[in-house]
Amino acid sequence: MTHLQKLAKSYELEINDHSFFDYIIETLVNGNFSSIPELVRQLTKKEYGQLIDYCHEYGGQYGQELITYLNKP
């Protein structure tokens, strides 16, 4: 089981590598901005890069908004 799958399991999500990324995006959509930094902190550096790639490729408008949010000073 990968680290992302373990994170998904701990949040009672479907266990696959992208469900945790979807969960972070959904957290943004639901307006729970204060939860996002904690969720992202749980990712490894490599997984963070995968999240950004996932947002570009599959995240649509909300994926782009997440990237913008994560890049705020």
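In short, a report on the structure.

Calculation criteria
- Residues numbered from 1 in each chain as written.
- Predicted model: local features only at pLDDT ≥ 70, side-chain atom pairs only at ≥ 80, totals over all residues.
- Heavy atoms only, no water.
- Phe/Tyr/Trp six-rings, centres within 6.5 Å; stacked < 30°, edge-to-face > 60°.
- Helix = DSSP H or I, 4+ residues; strand = E, 2+ residues; numbered from the N terminus.
- Buried < 20%, exposed > 50% of the residue type's maximum accessible area, 1.4 Å probe, protein only.
- Arc of directions from axis to C-beta.
- Contact = heavy atoms within 4.5 Å.

What follows covers the packing of aromatic side chains. Scanning the entire structure with this criterion turns up 6 aromatic pairs. With centroids separated by 5.6 Å and ring planes inclined at 45 degrees, the aromatic side chains of F21 and Y54 adopt a geometry described as tilted. One end of the pair, F21, is in helix α2 (residues 19–29); the other, Y54, is in helix α4 (residues 45–58), with 33 residues separating them in the sequence. For the pair F21 and Y54, one class covers both residues: buried. With a centroid separation of 5.3 Å and 45 degrees between ring planes, the pair formed by Y54 and Y58 is classed as tilted. One end of the pair is Y54 and the other is Y58, both in helix α4 and 4 residues apart, which spans about a single turn. Overall, Y54 belongs to the buried group, its relative accessible area being 11%.

What follows deals with helix α5 (residues 60–70). Of the residues making up α5, those classed as buried are G63, L66 and I67. Projected onto a plane normal to the axis of α5, the buried residues spread over an arc of 100 degrees and lie on a single side. Those residues of α5 that are exposed and angled more than 90 degrees off the buried face are Q61 and T68. Where α5 is buried, its residues meet α2, α3 (36–41) and α4.

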